[in-house]
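Here are the chains, one letter per residue:
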Amino acid sequence: MTFEFSSNTLDKISVDKVLVFAFEGEDPVLTQGFLQLDKVLTGLLSEEITAEKFKGKTGEVLSVSPYKKILCSKVSVLGLGKKEEFDGNQLRKAFSLLAKNLKNKTSSIAFSLLSLKESNLDVALQSQMIAEGILLGNYSFARYKEKTKEEKELEAVIISEDNKNNQLKAKEGIKKGELFYEATRLARDFVNEPAAVVTPAFLAQVALDIAKKNKNIKCTVYEKDQIEKMGMGAFLGIAQASGNALRFIHLEYTSGLSSKKLALIGKGITFDTGGVSLKREDSMKDMKCDMAGAAAILGVFSIISKIKPKTNVMGIIAATPNMVSDKSIVPGDVVRSLNGKTIEILNTDAEGRVTMADSLSYAVKKGANEIIDLATLTGASMVALGTDIAAIFSNNNSLKEKVKIAASNAGEKLWELPLEEEYKKLNKSDVADISNIPSSRYGGTITAALFLEEFVDKKPWVHLDIAGPAYFEKGHDLGPKGGSGFGVRTLLNLLEFNL
Ligand code: BES
Ligand code: ZN
Ligand code: ZN
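In what follows, the accompanying structure is described. (Residues numbered from 1 in each chain as written. Chains lettered and ligands numbered in written order. Predicted model: local features only at pLDDT ≥ 70, side-chain atom pairs only at ≥ 80, totals over all residues. Heavy atoms only, no water.)

1. Section: the site of ligand 1
Quick reminder of the rule: Any residue with a non-hydrogen atom lying within 4 Å of a molecule or strand is treated as near it. A 3.5 Å cut-off defines polar contacts: any pair of N or O atoms within that distance qualifies, except that in protein one atom must be a possible hydrogen donor and the other a possible acceptor, and neighbouring residues in sequence count only when both atoms are side-chain atoms. Per-residue accessibility takes into account occlusion by the displayed protein chains alone, with areas from the Shrake-Rupley method and a 1.4 Å probe. Put simply, DSSP H or I for four residues or longer makes a helix, DSSP E for two residues or longer makes a strand, and each gets a number counted from the N terminus.
Inspection of the region around ligand 1 gives 16 residues, with Asp272, Lys279, Asp349, Glu351 and Gly379 positioned closest. Note that an oxygen atom of ligand 1 is positioned 2.9 Å from one of the side-chain N or O atoms of Asp272. When isolated, ligand 1 has an accessible area of 520 Å², and the protein chains bury 79% of it. At the level of elements, β10 (261-272) and α13 (379-385) are the ones that each hand at least two residues to the shell around ligand 1.

2. A few points about the packing of aromatic side chains
Just so we agree on the cut-off: Put simply, two rings from Phe, Tyr or Trp (the six-membered ring, in Trp's case) pair if the centres are within 6.5 Å, and we call them stacked under 30 degrees between planes, edge-to-face over 60, tilted for the rest. Working definition: with a 1.4 Å probe on protein chains only, accessible area under 20% of the residue-type maximum means buried, over 50% means exposed, and in between means partly exposed.
The final tally for this structure, using the stated rule, is 11 aromatic pairs. With a centroid separation of 5.8 Å and 65° between ring planes, the pair formed by Phe21 and Phe95 is classed as edge-to-face. Within this pair, whereas Phe21 is found in strand β2 (residues 17-23), its partner Phe95 is found in helix α3 (residues 88-102), the two being separated by 74 residues in sequence. Centroid distance Phe23 to Phe86: 5.3 Å. Interplanar angle 85°. Geometry classified as edge-to-face. Of this pair, Phe23 sits in strand β2 while Phe86 sits in the loop between β5 (75-79) and α3, and the two are 63 residues apart along the sequence. The residues Phe23 and Phe86 share a single accessibility class, namely buried.

3. Remarks on the sheet that holds strand β8 (residues 217-222)
Under the convention used in this document: Each pair of strands is called paired provided DSSP finds at least two bridges between the two strands. Every axis in this analysis is a line fitted to C-alpha atoms, fitted for helices over the stretch in contact. Angles between the N-to-C directions lie between 0 and 180 degrees. Contacts are assigned to residue pairs that have any heavy atoms within 4.5 Å of one another.
Ordered by their spatial adjacency, 8 strands build an open sheet running β8-β9-β11-β10-β14-β18-β15-β16, and the pairing between neighbours is mixed. Each edge of the sheet is formed by a strand with only one pairing partner; in this case those strands are β8 and β16 (413-416). Adjacent strand axes in the sheet meet at a mean angle of 20°, parallel and antiparallel pairs treated alike. Looking at chain direction, strand β15 (residues 389-394) and β16 are connected through 4 bridges and run parallel. Within β16, the position partnered with Ala391 by the bridge is Trp415. In the packing of helix α11 (residues 292-307) onto the sheet, the strands contacted are β8, β9 (247-253), β10, β11 (312-322) and β14 (370-375), and the crossing angle to β10 comes to about 135°. Lying over the sheet, helix α12 (residues 352-365) contacts β8, β9, β10, β11, β14 and β18 (461-465), oriented at roughly 155° with respect to β10.

4. What about the sheet that holds strand β12 (residues 334-336)?
In a beta sheet, neighbouring strands are held together by backbone hydrogen bonds and run either parallel or antiparallel to one another. Reading across the sheet, the 3 strands line up as β12-β13-β17 and stay open at both edges, with mixed pairing between neighbours. Both edges of this open sheet fall to β12 and β17 (434-435), since each of them pairs with a single strand only. In terms of strand pairing, β12 meets strand β13 (residues 342-344) through 3 bridges, oriented antiparallel. Directly across from Arg336, in β13, lies its bridge partner Thr342.

Remember that the coordinates give geometry; whether it matters functionally is a separate question.
See below:
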């Protein structure tokens, strides 16, 4: 898909579809672009929106035939939602829904940008949101499907703009939108690929390839012997069912501009059967998604050199499947983690926190000043917050606020849950320093976060439980069912603004 510019007005551009916009209302608020084209079409568009009861809800589309009065044979009115609430997220969503609507039907569209007065968004930001929206909405994962012949792909997006300065600003925004999409697409693809493809060795190879392509990124991959030598007994315990499959991945981006080190850690369970505490079939079927945290980190690192953050950044992934075999870890086993704390395993399906324990300790050992982890950690987070919202926990207000702002810019929803001191006792073990499952089934997202906190050595830390929004069982506003790439754009926003 390419984004291009035309200095012609919309009536003089030849594409499959010309687009104009309207804000939501009983009588929709018509934009300048709408009014201009409506004039050329002698009021046809305003007649149609009344006749068809078009309200202008975000992403609502009304198609109108202009009867050869203009070069293009179809005009669509795209709803942008309420004008009072309009922001970049609403614009991204409108264009994503549009792209879903146009799928397989349209290969080229043209529109003009909103004026600053109409939208409050400058040309660059507007263009970024539009590019992100179209690209995210247009995403599909069809590698393993036979291609049907009639499928049309959206190939050209043409922006009608005659001011060169505005064109330059728009280009900048589009470039960023494309970059952010590229990183998100990578994360989505890795989650959508079967676990037989996305193995720990595969993730390690991706990380090594990223380092090869970027001279300011280094990558170290540890295999079983070295992981044993380092003393990662927790990670090894979960991985022991799967022979030599495990990999520990350490990416490092060096900015040369600061001595600060931010660690980004992703849960990398390439498939979660639950281990001998086996999952039922309905909760196991989508468990290839259990490396979505790791996928997000790799997505970020794939373009981090282009964002050029001031801070140094580590990317850390303990990758293994959680399998059943005669070598499996079993309830009652005790493992010793990298920081010396012992963990009693009482349920092998609470494997994420056990592998994350060693990743967190590793980040601390390697001198991280700040830590952000992303993990599809608990089903309980979906019970609490549903499929669209991730839980955020933190021991540090300033880092937490930065992540919240970045997420809000990215259009990724977070809701804070507390690191409740009183619940710490629920993670107590009779035989070890801590148990991998709490003694109460209530508040499971909180007790899992409290478990992780034991391994961050009081360093500023943010934990995102992304079990809900990392993987959609149905299509959603910004994409189809499957991996969403959740977290990628939050982290990129955070790095970009050096928040
Ligand atoms: N990977 C799962 C959590 C999960 C559930 C992710 C649904 C995505 C969608 C995790 O390893 C797990 O199984 N957690 C258990 C913990 C319990 C045994 C304490 C859970 O949430 O049931
Ligand atoms: Zn599990
Ligand atoms: Zn898991």
